[in-house]
Amino acid sequence: MEKAAIFVDVQNIYYTVKQSYQRHFNYNAFWSRATAGREVAAAFAYAIDKGDSKQLGFQQILRNIGFEVRLKPYIQRSDGSAKGDWDVGITLDVIDYAPKVDVIILVSGDGDFALLLNKVRNACHVTTEVYGVPALTAPSLVCSTDRFIAIDDELLL
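Just so you know, these numbers come straight off a predicted model, no measurement behind them.

Definitions and limits used
- Residues numbered from 1 in each chain as written.
- Predicted model: local features only at pLDDT ≥ 70, side-chain atom pairs only at ≥ 80, totals over all residues.
- Heavy atoms only, no water.
- Helix = DSSP H or I, 4+ residues; strand = E, 2+ residues; numbered from the N terminus.
- Rg over C-alpha atoms; globule rule 2.2 N^0.38 Å.
- Buried < 20%, exposed > 50% of the residue type's maximum accessible area, 1.4 Å probe, protein only.
- Contact = heavy atoms within 4.5 Å.
- Areas by Shrake-Rupley, 256 points an atom, 1.4 Å probe, with all protein chains shown as cover.
- Lys, Arg positive; Asp, Glu negative; His and termini not counted.
- Charge placed at Lys NZ, Arg CZ, Asp CG, Glu CD.
- Salt bridge = Lys/Arg side-chain N within 4 Å of Asp/Glu carboxyl O.

The next point concerns the overall build of the protein. Secondary structure assignment for the protein yields 6 helices and 8 strands. From first element to last, N terminus to C terminus, the protein shows the α and β order β-α-α-β-α-β-β-β-α-β-α-β-α-β. The globule rule puts the C-alpha radius of gyration for 157 residues at 15 Å, and the 15 Å found for the protein is close to it. Principal-axis analysis of the C-alpha atoms places the extent of the protein at approximately 45 × 30 × 30 Å. Evaluated residue by residue, the protein yields a buried proportion of 44% over its 157 residues. Partitioning the intrachain contacts of the protein with sequence separation of at least 6 by distance along the chain shows that 68% fall at a separation of at least 24. On the protein, roughly 8,000 Å² of surface is accessible, and the fraction owed to carbon and sulfur atoms is 52%. Here the protein contributes 16 positively and 19 negatively charged side chains, and the mean placements of these two sets differ by 2 Å.

Below is the structure:
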C-alpha cells in the first residue's frame, strides 16, 4: 500500500475555487479520492487564524476528516493589505515528509511550489500529485508534478 502525505494550501484553494466556480471545495470528497487505497502518513491543512466562530467550525471539520490544521495569525497591514502566507511552512513540511512516503499530494495552484516538487521528485524519488483549479493553477506547477488532478464538479460543494 502506498504511503501518502497531504498538504493543503487552504487560502489558495478557497480563493481559486470561489473565483472559478463560485462554490466551495469539498474536502470530504477530496479525502476519499486522494486516500483511496493509500495509507496516510500525514495530512496538513494550512490556514489563517482570524478567530471567528465560522472559521473555528471549518477548522474542526478539517480535523474530523483527518487533517492536522496548522494556523498562522492573520496580519492586517497599515496600508489595508493582509498577509497570511504558508509557502515556507508547507515547503518545510514537504521536505520533511518526502523521504518517508511514496506520494506527496499538494492541493494548491501556487507556482512557487514548482521548484519544491521538482526537488523532492528528484532527491527523494517520490511521486507527486497536485490538485488545483485548471484555469488558476500555474503552468509551471502543472509541469512539475507527476499527476495534475483538476478540481472540478466532483470535488465541489
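The structure having been displayed, the exposition proceeds.
It is worth spelling out the pattern of salt bridges at this point. Per the stated rule, a full pass over the model turns up 8 salt bridges. Taking the shortest distance from any N to any O, the salt bridge between Arg33 and Glu154 comes out at 2.8 Å. With a gap of 121 residues between them, Arg33 in helix H2 (residues 27–35) and Glu154 in the segment after strand S8 (147–150) connect regions that are remote in the sequence. Judged by its relative accessible area of 36%, Arg33 is partly exposed. Residue Asp93 is joined to Arg70 by a salt bridge in which the shortest nitrogen-to-oxygen separation is 2.4 Å. With Asp93 in helix H4 (residues 87–97) and Arg70 in strand S3 (residues 68–73), the pair connects residues that are 23 residues apart, well separated along the chain. With relative accessibility at 10%, the residue Asp93 sits in the buried group. Residue Arg70 is classed as partly exposed on the basis of its relative accessible area, which comes to 24%.

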